[in-house]
Amino acid sequence: MTGYGLDNLPYGVFSVPQGERRLGVRLGNEVVDLSGLGGYFAAPSLNPLMAAGRPEWTAAREAVLDYVASGPPTTPLHAVTLHLPFDVADYTDFYSSEAHALNVGRILRPSSPGLPPQWRHLPIGYHGRSSTVVVSGTPIRRPYGQLGAGSYGATRRLDIEAEVGFVVGVPGRRVTTGAFEDHVFGVVLVNDWSARDLQAWEYRPLGPFLAKSFATSVSPWVVPLSVLAPVPAPAQDPEPLDYLRPAGPAYDLKLSISWNGTVVSSPPFASMYWTAAQQLAHLTSNGASVRTGDLYASGTVSGPSPDQVGSFLELTANGASPVTLADGSQRGFLLDGDEVVISATSADGKIGLGSVSGIVVG
Ligand SMILES: O=C(O)/C=C/C(=O)CC(=O)CC(=O)O
Ligand SMILES: [Ca+2]
Ligand SMILES: [Mg+2]
């Protein structure tokens, strides 16, 4: 199975029926149990390994490669339950796709379209709710809230946001862009479920609150940063301030969004304006600390063309131009029973990031 060979070996936490949680790596469509290796590998979460730092991450990977080469027993993926691979500490969400920021601005703020004035000067973000980060496959209950003045009920505009999440291993503050790889352990896929009617009503002036805090799904396999081949970061104008330089690595990942089995969009991660290194530098630039298990998401990944958008708000023009799925049905926003799967690979197809899925329940 391509994407999950020896050059990837993403880490996850799994259990078999009646079994305890164990650390494993994915090899093809099988799981290799690492718990017998002891040390960090005996923990039921990735946090101890993540806290240990880059030299230990490299040594751990060598130990895992040796173990996998020895032909250990494996368990088919379909026979295991996958769990949240790390204990999520704080959760932050950025807003770093220029196409997404322009599209959403046009839809939510038609009288002042374009980028907010600070957008090219700093990576805009907001603090999310880490206790509602859930693993792929967790059903997503349709949230309730204020839909406008005098109206409370279940959201009618339930949406997704396809994002890439960065998982902090080593704590730090005022982390320079050059130290990014010393602190960030790996990468997951993120779906930042969003209720657009709640959002449009509540978000000014403090930003998203209940419209996004009800659920955020992450993929179960953490792909080590070291297996992703970096590409040059996009050109930035104006030149960022010193604390945001150099930009650090960008990653050429191809995302794919499927809605009830129909691929509706293919967002390119390489098109993001701000890098993950700049996001972490900005997040800690005031002296705020990050700790082991912090998760920060890139922001919705939208490319410049209509088949590259990372949300249904953009795909369907806020529901005004419904999309037709393979079964002939039409959608503006999510209906109960709908399933969304976001998957990704490196541009050359050699590294799979797995997928993050969720079914909407009423
Ligand atoms: O432009 C806005 O007011 C809001 C935009 C979002 O909903 C996006 C958000 O969560 C950040 C992102 O994922 O890019
Ligand atoms: Ca988001
Ligand atoms: Mg969310």
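Residue indices follow the written sequence of each chain, beginning from 1 at its first position. The order in which chains are written sets their letters, starting at A; the order in which ligands are written sets their numbers, starting at 1. Given that this is a predicted model, residues contribute local features only at a pLDDT of at least 70 and side-chain atom pairs are listed and counted only at 80 or more, while totals for whole chains, interfaces and linings are drawn from all residues.

- As annotated in an unreviewed UniProt entry, the protein chain carries the name fumarylacetoacetase and is attributed to Paractinoplanes atraurantiacus.
- UniProt positions are given in the numbering used here, feature names are shortened, and annotations may be inferred rather than shown by experiment. UniProt annotates the protein chain under Pathway (unreviewed entry) with the comment "Amino-acid degradation; L-phenylalanine degradation; acetoacetate and fumarate from L-phenylalanine: step 6/6."

1. Brief notes about the sheet that holds strand β28 (residues 352-361)
Okay, so step 1: Each pair of strands is called paired provided DSSP finds at least two bridges between the two strands. Numbering of helices and strands runs from the N terminus; a helix is a DSSP stretch of H or I covering at least four residues, while a strand is a stretch of E covering at least two. Ordered by their spatial adjacency, five strands build an open sheet running β9-β28-β27-β21-β22, and the pairing between neighbours is mixed. Edge positions in the sheet fall to β9 (140-141) and β22 (262-265), since each of these pairs with one other strand and no more.
Okay, so step 2: Bridge count for strand β27 (residues 339-346) against β28 is six bridges, and the pairing is antiparallel. Looking at β28, one finds that V341 is bridged to S357.

2. A short note on the site of ligand 1
Okay, so step 1: Any residue whose C-beta atom, as placed from the backbone, lies within 6 Å of a molecule or strand is termed near it. Around ligand 1, a shell composed of 15 residues is seen, among which Y95, V104, E161, G299 and T300 lie nearest.
Okay, so step 2: If you tally residues by element for the shell around ligand 1, the top one is helix α3 (residues 98-108), at four residues.
Okay, so step 3: When grouped by side-chain class, the residues that make up the shell around ligand 1 number five nonpolar, five polar and five charged. Each residue gets one of three labels, nonpolar for Ala, Val, Leu, Ile, Met, Phe, Trp, Tyr, Cys and Pro, charged for Asp, Glu, Lys and Arg, and polar for the others, Gly among them.

3. Focus: the UniProt feature "binding site: Ca(2+)" (unreviewed entry) in the protein chain
Okay, so step 1: Here, UniProt's "binding site: Ca(2+)" (unreviewed entry) annotation points to D93, E161, E163 and D192. Over a stretch of 100 residues, the named residues converge on one spot in the fold, their C-alpha atoms separated by at most 10.8 Å.
Okay, so step 2: Residue placement: D93 occurs in strand β6 (residues 91-94).
Okay, so step 3: The exposure class of D93 is buried, given the 25 C-beta atoms found within 10 Å.
Okay, so step 4: Contacts of D93, omitting those with residues within four sequence positions, involve G125, Y126, G128, D192, A297 and G299.
Okay, so step 5: With respect to the secondary-structure elements, E163 resides in strand β13 (residues 162-168).
Okay, so step 6: Overall, the presence of 31 C-beta atoms within 10 Å leaves E163 in the buried class.
Okay, so step 7: Each residue is represented by a C-beta atom placed from its backbone, and any two residues with such atoms within 7 Å are regarded as in contact. Setting aside chain neighbours within four positions, we find E163 in contact with V190, D192, A297, S298, G299, T300 and V301. We call a residue exposed when 12 or fewer other C-beta atoms sit within 10 Å of its C-beta, buried when the count reaches 20 or more, and partly exposed for counts in between; the C-beta positions come from the backbone.

4. Some details on the nonpolar core
Okay, so step 1: Here, a nonpolar core denotes buried Ala, Val, Leu, Ile, Met, Phe, Trp, Tyr and Cys residues that are linked to one another through C-beta atoms within 7 Å. In terms of nonpolar packing, the biggest core is built from 91 residues, with V167, V184, L189, V222 and L280 touching the most fellow members.
Okay, so step 2: Considering each element in turn, this core owes the most residues, six residues, to strand β15 (residues 184-191).
Okay, so step 3: Segmentation into domains, and thus their bounds, comes from an automatic or database assignment. When residues of this core are assigned to domains, at least three map to each of domain 1 (11-83) and domain 2 (91-361).
Okay, so step 4: Setting aside chain neighbours within four positions, we find V167 in contact with M50, F86, V184, F185, G186, V188, V222 and L295.

5. Points about the domain arrangement of the protein chain
Okay, so step 1: Per the domain assignment, the segments of the protein chain are domain 1 (11-83) and domain 2 (91-361).
Okay, so step 2: Computed over C-alpha atoms only, the centres of domain 1 and domain 2 are separated by 27 Å.
Okay, so step 3: Taken together, the contact pairs 13 residues of domain 1 with 13 residues of domain 2.
Okay, so step 4: Elements with a minimum of two residues in the side of domain 1 that touches domain 2: β1 (11-15), α1 (47-52), α2 (54-69) and β5 (81-83).
Okay, so step 5: Taken together, the residues of the side of domain 1 that touches domain 2 sort by class into six nonpolar, four polar and three charged.

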